[in-house]
Amino acid sequence: MVPELRKEEILKSIQRREISYIKNLAEELGISLSTVRRDVAALEEEGSVIVMRGGAVKYKVEDFDAPVEKKKLIRSEEKEIIAKKAAALVEDGDCIYVDSGTTTSGMFRYLHGKRITIVSSSTELLNNLPIKNARCILLGGEVRDDLESVSGALTEKMISDMYFDKAFIGASGYIPDGGIYTYDTRESRKKEIVKEHSRQSYVLMDTDKRNKYAFSKAFELSEAVLITEEP
């Protein structure tokens, strides 16, 4: 099995339980103890798991429930660079999708003056209106105040009836040779549908999210263009 895929399977197994044991992981996945130890050590170094005494290991819950205002202060300079780079790709006449998230929503400030249509699941769109020359559409759905996002069946139905020239998508983590991940399955499904309905998809994430897994995989990173703060 490819090392990254093997680590992904190990992490998924760890996520399903409060406490896992290296011996049980080896038996469950048919992998040698030495290989599991090595992969678990790598996952610990990446910040995905916590290794305890006696061969126990547990999933490290990220601070994804922190207030959005707190998230906006984390790596804010990097997020600003990414938002500017993404907005520069938008051209007059485009119909674009802007995902919820503290990085993607930063694009709104840089879209003024472009003759475009903006469709978004980010409630931050309301705080940035009006956007000069732009036609703005906020999707309906279940509102998640903690994510400044709308999602769920209604949101998915609306997206399924739309097509975009460019989509700008956020996520909680990515694996360079693997997928992009988020903690909420509804957010994950929303991103997947948007990608399928877009001529070109971009994923906006700072490099601190590299090699970070989350609960639900949205799609393969190779299916989109990654935009980070790096040149």
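Here's what I pulled together on the structure shown here.

Rules behind the numbers
Residues numbered from 1 in each chain as written. Predicted model: local features only at pLDDT ≥ 70, side-chain atom pairs only at ≥ 80, totals over all residues. Heavy atoms only, no water. Pairing = 2+ DSSP bridges. Helix = DSSP H or I, 4+ residues; strand = E, 2+ residues; numbered from the N terminus. Contact = heavy atoms within 4.5 Å. Axes fitted to C-alpha atoms, helices over the stretch in contact; angles between N-to-C directions. Salt bridge = Lys/Arg side-chain N within 4 Å of Asp/Glu carboxyl O. Buried < 20%, exposed > 50% of the residue type's maximum accessible area, 1.4 Å probe, protein only. Core = buried A, V, L, I, M, F, W, Y, C linked by side-chain atoms within 4.5 Å.

Topic: the sheet that holds strand S11 (residues 179-182)
Read from one edge to the other, the open sheet built from three strands follows the order S10-S11-S13, with strand pairing classed as antiparallel. Each edge of the open sheet is held by one strand with a lone partner, namely strand S10 (173-174) and strand S13 (216-220). By the bridge criterion, two bridges tie S10 to S11 in an arrangement that is antiparallel. Of the residues in S11, the one forming a bridge with Tyr174 is Ile180. Seen against the sheet, helix H7 (residues 185-196) touches S11 and S13 and runs at an angle of roughly 10° to S13.

Quick word on the pattern of salt bridges
According to the stated counting rule, one finds 20 salt bridges in the structure shown. One salt bridge connects Arg144 with Asp146, and the closest N-O pair in it is separated by 2.7 Å. Residue classification places Arg144 among the buried positions, given a relative accessible area of 17%. Among the ionic pairs, Arg199 bridges to Asp165, the shortest N-O distance being 2.9 Å. One end of the pair, Arg199, is in strand S12 (residues 198-204); the other, Asp165, is in strand S9 (residues 164-169), and 34 residues separate them in sequence.

Quick look at the nonpolar core
One finds Tyr97, Val119, Leu139, Phe164, Ile180, Val203 and Phe219 to be the most contacted residues of the largest nonpolar core, which totals 21 residues. Of all the elements in the fold, those that place two or more residues in this core are strand S4 (95-98), S9, H7 and S13. For this core, the element with the highest residue contribution is S9, accounting for three residues. Discounting residues that sit within four places of it in the chain, Phe219 has contacts with Ile169, Gly179, Ile180, Lys191, Glu192, Lys195, Val203 and Ala224.

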